[in-house]
Amino acid sequence: MATQTNTNSLGKTRDFGKFLKGVRSELKKVNWPNKKELTSYTGIVFLTCGVAALGIWFVDTAFGQILKWIIK
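What this report covers is the structure whose coordinates are included nearby. (Residues numbered from 1 in each chain as written. Predicted model: local features only at pLDDT ≥ 70, side-chain atom pairs only at ≥ 80, totals over all residues. Heavy atoms only, no water.)

Concerning the overall build of the protein
Move 1: From N to C terminus, the protein includes 2 helices and 0 strands.
Move 2: Carbon and sulfur atoms make up 68% of the accessible area of the protein, which amounts to about 7300 Å² in all. (Helix = DSSP H or I, 4+ residues; strand = E, 2+ residues; numbered from the N terminus. Areas by Shrake-Rupley, 256 points an atom, 1.4 Å probe, with all protein chains shown as cover.)

See below:
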């Protein structure tokens, strides 16, 4: 059975500080996009969402028409 260490509140604070230092060091390793890349990626996301919305609208309309045709 595993035993828990650092059960006091001071130990938890130190662990949280260590965690934040780790997060900060990992974020420094991230290759962040520049403004041109970010604009391009944003456009691609909007375009993809628009195409998906149009596709869903088309399929929904087609199924609605087919259902009306079957019910009549």
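Okay, back to it.
Considerations on the pattern of salt bridges
Move 1: Tallied over the entire structure, the rule returns 1 salt bridge.
Move 2: Here E26 ties to K29 by a salt bridge, and the two come within 3.2 Å at their closest N and O atoms.
Move 3: The exposure class assigned to K29 is exposed, which follows from its relative accessible area of 62%. (Salt bridge = Lys/Arg side-chain N within 4 Å of Asp/Glu carboxyl O. Buried < 20%, exposed > 50% of the residue type's maximum accessible area, 1.4 Å probe, protein only.)

Re helix α2 (residues 35-71)
Move 1: The terminal C-alpha atoms of α2 lie 54 Å apart, and with 37 residues this matches the ideal 54 Å at 1.5 Å per residue to within 8%.
Move 2: Capping the start of α2 is the job of one residue whose side-chain oxygen sits 3.2 Å from the backbone nitrogen of K36: N34. (Expected span 1.5 Å × (residues − 1). Polar contact = N/O pair within 3.5 Å; in protein donor to acceptor, adjacent residues only side chain to side chain.)

Let's talk about a nonpolar patch on the surface
Move 1: Together, L54, W57, F58, V59, F63, I66, W69 and I70 make up a nonpolar patch on the protein surface, roughly 1000 Å² of accessible area in all.
Move 2: Structurally, the position occupied by I70 is in helix α2.
Move 3: Taking relative accessible area as the criterion, I70 reaches 57% and is therefore assigned exposed. (Patch = residues over 30% accessible without salt bridge, like charges linked within 9 Å, V, L, I, M, F, W, Y side chains within 5 Å.)

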